[in-house]
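Here's the letter readout for the chains.
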Amino acid sequence: MDRFSISPNPVPTSPEQRAALTLDPRFGTVFTDHMVTLRWRAEDGWHDGRVEALAAIPFHPGNAAFHYGQQIFEGLKVFRGSDGDALLFRPRENARRMQRSAARLAMQCPPEDVFIEALEQLVLADAGWIPEGDGSLYLRPFIVADEVFLGMRAAARYLFCVIASPVGPYFSGGNRAIDVWVSETFSRAARGGTGAAKCGGNYAASLVAQVEAVERGCDQVVFLDAAESRWIEELGGMNIFFVMRDGEVITPPLGTILPGVTRDSVMTLASAAGHRVVQRRYSLEQWRSDAESGRLVETFVCGTAATIVPIGHVHHGAGRFAIATGACGPLTAKLRTDLQGIQRGRAADPHGWRHPLRLPASAVR
Ligand SMILES: *Cc1c(COP(=O)(O)O)cnc(C)c1O
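Residues numbered from 1 in each chain as written. Predicted model: local features only at pLDDT ≥ 70, side-chain atom pairs only at ≥ 80, totals over all residues. Heavy atoms only, no water.

**Side note on the pairing of strand β18 (residues 354-358)**
For the record, the criterion: The cut-offs for exposure are 20% and 50% of the maximum accessible area for each residue type, with area from a 1.4 Å probe on protein chains only; residues under the lower value are buried, those over the upper are exposed, and the others partly exposed. Strands here mean DSSP runs of E at least two residues long; helices mean DSSP runs of H or I at least four residues long; both are numbered from the N terminus. The criterion for strand pairing is that DSSP finds at least two bridges linking the strands in question.
Alternating positions in β18 separate cleanly, His-355 and Leu-357 being buried on one face and Arg-354, Pro-356 and Arg-358 remaining unburied on the opposite face. Inspection of the sheet shows strand β6 (residues 85-89) paired to β18 by 5 bridges, in the antiparallel sense. Bridging across to β18, Leu-87 finds its partner in Pro-356.

**So, the UniProt feature "modified residue: N6-(pyridoxal phosphate)lysine" (unreviewed entry) in the protein**
So the rule is basically this: UniProt positions are given in the numbering used here, feature names are shortened, and annotations may be inferred rather than shown by experiment. In this analysis, two residues are considered to be in contact whenever any of their non-hydrogen atoms come within 4.5 Å of each other.
As recorded in UniProt, the sites labelled "modified residue: N6-(pyridoxal phosphate)lysine" (unreviewed entry) are Lys-198. Ignoring any residue separated from it by four or fewer positions in sequence, one finds Lys-198 in contact with Ile-72, Phe-73, Glu-74, Gly-75, Arg-97, Ser-101, Tyr-203 and Leu-258.

**Structural notes on the environment of Arg-100**
The residue Arg-100 is located in helix α3 (residues 91-104) in this model. In this structure Arg-100 comes out as partly exposed when scored by relative accessible area, which is 48%. Expressed as a C-alpha distance, the spacing of Arg-100 and Leu-258, which sit 158 residues apart in the sequence, is 11 Å.

**Observations concerning the site of the ligand**
Our working rule: Each residue is tested against the molecule or strand, and it is near if at least one of its non-hydrogen atoms lies within 4 Å. Here a polar contact is taken to be a pair of N or O atoms separated by no more than 3.5 Å, where protein atoms must pair a possible hydrogen donor with a possible acceptor and residues adjacent in sequence count only if both atoms sit in side chains. Surface exposure here means Shrake-Rupley accessible area, sampled with a 1.4 Å probe, where a residue is shielded only by the protein chains that are shown.
In the vicinity of the ligand there are 15 residues, among which Lys-198, Tyr-203, Glu-234, Thr-262 and Thr-304 approach most closely. In the model, an oxygen atom of the ligand is placed 2.7 Å from a nitrogen or oxygen of the Lys-198 side chain. Separating an oxygen atom of the ligand from a side-chain N or O atom of Thr-304 is a distance of 2.6 Å. Notes on the ligand: free accessible area 380 Å², of which the protein chains cover 97%.

**Looking at unusual backbone geometry**
Despite not being glycine, Asp-48 shows a phi value in the positive range, around 60°. Assignment of secondary structure puts Asp-48 in strand β3 (residues 45-53). Residue Asp-48 is classed as partly exposed on the basis of its relative accessible area of 31%. With a phi close to 50°, Ser-229 is a non-glycine residue in the positive phi region. Turning to its location among the elements, Ser-229 is positioned in the loop between β10 (220-224) and β11 (232-235). Residue Ser-229 is classed as partly exposed on the basis of its relative accessible area, which comes to 35%.

**Examining helix α7 (residues 284-293)**
Quick reminder of the rule: To be clear, the arc concerns the directions from the helix axis to the C-beta atoms.
Every buried residue of α7 is accounted for by Leu-284, Trp-287, Asp-290 and Ala-291. Axial view of α7: buried residues confined to an arc of 130°, hence all on one face.

**Describing the packing of helix α6 (residues 261-272) against helix α8 (residues 330-343)**
How we decide: Helix axes are fitted only over the stretch in contact, all axes being lines through C-alpha atoms; the angle between N-to-C directions runs from 0 to 180 degrees. What sets the label is the angle itself: under 35 degrees gives roughly parallel, over 145 gives roughly antiparallel, 65 to 115 gives roughly perpendicular, and the rest give oblique. A crossing counts as left-handed when the near helix is turned anticlockwise from the far one by less than a right angle, and as right-handed when that turn is clockwise. Side-chain classes follow a simple rule in which Ala, Val, Leu, Ile, Met, Phe, Trp, Tyr, Cys and Pro form the nonpolar group, Asp, Glu, Lys and Arg form the charged group, and the remainder, Gly included, forms the polar group.
The N-to-C vectors of α6 and α8 enclose an angle of 110°; their axes lie 10 Å apart at closest approach. Relative to α8, the element α6 lies roughly perpendicular. Relative to α8, the crossing made by α6 is right-handed. In this structure, α6 contributes Thr-262, Ser-265, Val-266, Leu-269 and Ala-270 to the contact, and α8 contributes Leu-335, Asp-338, Leu-339 and Ile-342. Looking at side-chain class alone, the contact of α6 with α8 contains 6 nonpolar, 2 polar and 1 charged residues.

**Concerning the state of the cysteines**
Here a disulfide denotes a covalent bond joining the sulfur atom of one cysteine to the sulfur atom of another. As a reminder, the rule being used: When the sulfur atoms of two cysteines come within 2.5 Å, that pair is taken as a disulfide.
Going through the model one piece at a time under the given rule, you end up with 0 disulfides. The structure places no disulfide on Cys-302, whose sulfur is separated from the nearest cysteine sulfur, that of Cys-328, by 13 Å. Using a relative accessible area of 1% as the deciding quantity, one classes Cys-302 as buried.

**Some details on the packing of α3 against helix α4 (residues 112-125)**
It is at 9 Å that the axes of α3 and α4 come closest, and there the two elements cross at 125°. When the axis of α3 is compared with that of α4, the two are oblique. Here α3 and α4 pass one another in a crossing that is right-handed. Taken together, the residues of α4 that come into contact with α3 (itself represented by Pro-91, Arg-92, Asn-94, Ala-95, Arg-96, Met-98 and Gln-99) are Glu-112, Asp-113, Phe-115, Ile-116 and Leu-119.

**A few points about the environment of Arg-104**
Summarising the element assignment, Arg-104 is placed in helix α3. Residue class for Arg-104 comes out partly exposed when judged on its relative accessible area of 38%. Residues Arg-104 and Trp-129 lie 25 residues apart in sequence; the distance between their C-alpha atoms is 34 Å. Setting aside residues no more than four positions away along its own chain, Arg-104 makes contact with Gly-192, Gly-193, Thr-194 and Ala-197. Engagement of the side chain of Arg-104 in a polar contact is seen with the backbone oxygen of Gly-192, the distance being 2.9 Å. At 3.1 Å, the side chain of Arg-104 and the backbone oxygen of Gly-193 are in polar contact.

**Here's the deal with the nonpolar core**
As a reminder, the rule being used: Nonpolar cores were defined as sets of buried Ala, Val, Leu, Ile, Met, Phe, Trp, Tyr and Cys residues, with membership established by side-chain atoms within 4.5 Å.
Within the largest apolar cluster, 42 residues are counted, with the highest numbers of intra-cluster contacts made by Ile-72, Val-78, Val-123, Leu-139, Ile-143, Tyr-158 and Phe-160. Of all elements in the fold, only β2 (34-41), β3, β5 (76-80), β6, α3, α4, β7 (136-145) and β8 (157-167) reach the threshold of two or more residues within this core. Looking at this core, the element that brings in the most residues is α4, giving 6 residues. Ignoring sequence-local partners within four residues, the contact set of Ile-143 consists of Trp-46, Gln-70, Gln-71, Ile-72, Met-98, Met-107, Gln-108, Cys-109, Pro-110, Tyr-158, Leu-159 and Phe-160. Listed in part, the 26 residues of the second largest apolar core include Val-278, Tyr-282, Ala-291 and Val-301.

Below, the structure is given as structure tokens:
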């Protein structure tokens, strides 16, 4: 593929407007000045790469994406390093996961290096939007079918696009513990399904349970396995970890859950901190009895958007139980500090997770 063609936004947001917009944005509501687009068709492969002003994209109403849901996405964060670098966190993991998601939905995906270059180009174009302090720039790559037809087959054209959004904490109220609702009615994913693919359809299938959660005063839903409604899987967009009094850390195994980059990072960090980390099934029943007996001392959820967040209380069909005192536990707090230290360039990077990008002098404040 040729290099991306770059057409800077002729009317970029002024620094003053930008400062106001990024002061305390609600997650995913403010977008930067540019986007990256790239197109695929069999004859040309990936082509027509562009960095251009963020704008609406016209689609024919017969586009297959509107009808059969060929859509996948990724999410990763960029942090402002202290020495004028932008720090992307493990972008190759996202590139590889997007390839796997694409394969599952019979879609096309840019090669790893093109994916990374697309991210870098957008970060360079919108470098002034990377927040200082606790914020970060959330990158959202996605791919949709881009062919006009209503037949039942994989589309023959695709659009890859990357947009960016400056973000603060995911949950309102900052770093408080969240309450979760365990759905025993709705499943997110079944064996042989799309649970391990990052596709919008999984989210669509989870929203009705999220409505239930909100009605019960909870922040998020915990999904159980589809076969037995017994084993904890994950949340709508976050993975889950259980911390035992004896130091063991348990997380559900891969298969029907989304293989989170944060999940993988947390497993490494917890091992490095001397914990035994095991991937195994853990039931709702066991969770409740371990929480009540004190054998379980912490539970937290993790994902790029939310980072690492403790669970305070668990609501389910038959009642409710607390995780220890309902506050953030020490391992949860330590892992969050460790992860954010690496992400923000405040700590050493022993695992090579940071992907630094030198910013133009004009973008360094
Ligand atoms: C994106 C996502 C996660 C978290 O993955 P990260 O790579 O850590 O951001 C977890 N579960 C689901 C369903 C997701 O879509």
